[in-house]
Amino acid sequence: MITKDGPGRPVIEFCGESIEVDHEPFTIGRDADFVVEDDNRFLHRHFLSLASSSGLWLLSNIGTQLTATVSDLDGRLEAFLAPGAVLPLVFGETRVRFTAGPTSYEFSITMSDPAFVASRIDENERGDTTVGRTVMTPDQLRLVLALAEPALSGHTRSGTALPSSTAAAQRLGWTTTKFNRKLDNVCQKLAAQGVRGLHGEPGRLASNRRARLVEYALAVRLVTRDDLELISPASLGHDAEQGAEPGADAPG
């Protein structure tokens, strides 16, 4: 439901600090009005921009290479902000996630008078974990958790390193072959539901799709910090034994 006309000033929250947007266009990047990290050469000097238009604040991707995943607090909206794309900020809190080189970042943009208030979404009474029409198996959820664990475990929103496939496989007690096969299955399922950014050039596919998968999973709350118990030592005891035999795991 639309609640207010006219934008209030956005506030960016990152690593426990709050920065009010006091002019426009307000740039975000490596050497910008809001500096995410000044020594990451993979991050654009000016990556994102905030400006108001027709009563709304707009988030624009003014970079040429990087993309951002944008979502609301409850995971009801998930948008893929590619270079040149523009998205209106209508929620009370909007979360922005992106990966530059080996590092992933997250910050939020809060509005004091959001233009939109979302209605409540009821949970699935059967307890299934779904994304669109796709049901995720326990192993697929563990795979996502192994990749997202650094971001979920952090107490502040800052830069986190994305685990390699080998490191994530070892975390689960799987072989790398098993991990990559299940990663293929997860990406294929989500891509079939219209999730963008999980396919690309062959030479860049593995790294990019892991980052995009984590961004999407966090954006739509496919996994949360409470789910980390699924990859606790006690929960992984049986899977760790299976991981020693590549052919022993079930499909998917």
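Preceding this paragraph is the structure being described.
These numbers were taken from a predicted model, which means no experiment stands behind them. (Residues numbered from 1 in each chain as written. Predicted model: local features only at pLDDT ≥ 70, side-chain atom pairs only at ≥ 80, totals over all residues. Heavy atoms only, no water.)

Asker: How should the overall build of the protein be read in this particular structure?
Answerer: Within the protein, the secondary structure is distributed over five helices and 14 strands. Expressed as a percentage of the 252 residues in the protein, the buried residues total 45%. Excluding contacts between residues fewer than 6 apart, the proportion of contacts in the protein whose partners are at least 24 apart in sequence is 58%. If you sum the accessible surface of the protein, you get close to 12,600 Å²; carbon and sulfur atoms cover 49% of it. (Helix = DSSP H or I, 4+ residues; strand = E, 2+ residues; numbered from the N terminus. Buried < 20%, exposed > 50% of the residue type's maximum accessible area, 1.4 Å probe, protein only. Contact = heavy atoms within 4.5 Å. Areas by Shrake-Rupley, 256 points an atom, 1.4 Å probe, with all protein chains shown as cover.)

Asker: Is there a simple way to think about helix α2 (residues 165-172) in this case?
Answerer: A turn of α-helix holds 3.6 residues, and therefore any two residues three or four places apart point the same way. Among all positions of α2, only S165, A168, A169 and L172 are buried. Along the long axis of α2, the arc covered by the buried residues comes to 100°, so they all point the same way. The positive-phi residue at the C-terminal boundary of α2 is G173, with phi of around 75°. (Arc of directions from axis to C-beta.)

Asker: What am I meant to see in the packing of helix α1 (residues 138-153) against helix α3 (residues 176-192) here?
Answerer: Angle between the axes and distance between the axes: these two values describe a pair of packed helices. Running from N to C, α1 and α3 point in directions that differ by 100°, and their axes come no closer than 10 Å. Between α1 and α3, the interaxial angle falls into the category roughly perpendicular. For the pair α1 and α3, contact is made by D139, Q140, L143, V144 and L147 and by K178, F179, K182, L183, N185, V186 and K189, respectively. Here the residues of the contact of α1 with α3 sort into six nonpolar, two polar and four charged. (Axes fitted to C-alpha atoms, helices over the stretch in contact; angles between N-to-C directions. Parallel < 35°, antiparallel > 145°, perpendicular 65-115°, else oblique. Nonpolar A, V, L, I, M, F, W, Y, C, P; charged D, E, K, R; others polar.)

Asker: Just checking my understanding: could you explain the pattern of salt bridges for this structure?
Answerer: Any two side chains of opposite charge can pair, given that their charged atoms come close. What the rule picks out here adds up to eight salt bridges. In this structure, the salt-bridge partner of D139 is R142, at a minimum N-O distance of 3.3 Å. Note that D139 and R142 are positioned in helix α1 at a spacing of three residues, about one turn of the helix. In terms of burial, D139 and R142 fall into one category: buried. We note a salt bridge from E149 to R171, for which the minimum N-O separation is 2.9 Å. One end of the pair, E149, is in helix α1; the other, R171, is in helix α2, and 22 residues separate them in sequence. Exposure remark for R171: the relative accessible area of 31% places this residue in the partly exposed category. (Salt bridge = Lys/Arg side-chain N within 4 Å of Asp/Glu carboxyl O.)

Asker: Help me out: how do you make sense of the nonpolar core in this one?
Answerer: Generally speaking, soluble globular proteins have nonpolar side chains that are buried together. Core analysis: the biggest nonpolar cluster contains 33 residues, and L143, L147, F179, L213 and V223 have the highest contact counts within it. Secondary-structure elements contributing two or more residues to this core are α1, α2, α3 and α4 (205-219). Among the elements that line this core, the one with the most residues is α1, at eight residues. Look past the residues within four positions of F179 in its chain and what remains in contact with it is L143, L147, S165, A168, A169, L172 and W174. Grouped together as the second largest cluster of nonpolar side chains are 27 residues, V21, L50, V70 and V96 included. (Core = buried A, V, L, I, M, F, W, Y, C linked by side-chain atoms within 4.5 Å.)

Asker: Where do I start with α1 in this structure?
Answerer: Taking 1.5 Å per residue, 16 residues should reach 22 Å; α1 reaches only 20 Å between its end C-alpha atoms and comes up short. Taking the largest bend as the criterion, α1 deviates by roughly 55°, centred on L147, and proline P150 comes between one and four positions later. Of all 16 residues in α1, twelve are buried; the element is thus mostly enclosed. Looking only at α1, the buried set comprises D139, Q140, L141, R142, L143, V144, L145, A146, L147, A148, E149 and L152. (Expected span 1.5 Å × (residues − 1). Bend = angle between axes of the 7 residues up to and from the residue.)

Asker: Just checking my understanding: could you explain the sheet that holds strand β6 (residues 56-61) for this structure?
Answerer: Through backbone hydrogen bonds, the strands of a sheet pair up, either in parallel or in antiparallel fashion. Spatially, β4-β3-β5-β6-β9 is the arrangement adopted by the five strands of the open sheet, whose pairing is mixed. The open sheet has two edge strands with one neighbour each: β4 (34-35) and β9 (86-89). Sheet analysis places β6 next to β9, joined by four bridges and oriented antiparallel. Among the inter-strand pairings, W57 is bridged to a residue of β9, identified as L89. (Pairing = 2+ DSSP bridges.)

Asker: Sorry, what's going on with the pairing of strand β5 (residues 48-53) here?
Answerer: It is a general feature of regular strands that their side chains alternate between the two faces of the sheet. Pairing of strand β3 (residues 26-29) with β5, which is carried by three bridges, proceeds in the antiparallel orientation. Residue pairing across strands places T27 opposite S49, the latter belonging to β5. Sheet topology places β5 next to β6; six bridges connect them, and they run antiparallel. The residue of β6 that forms the bridge with S52 is W57.

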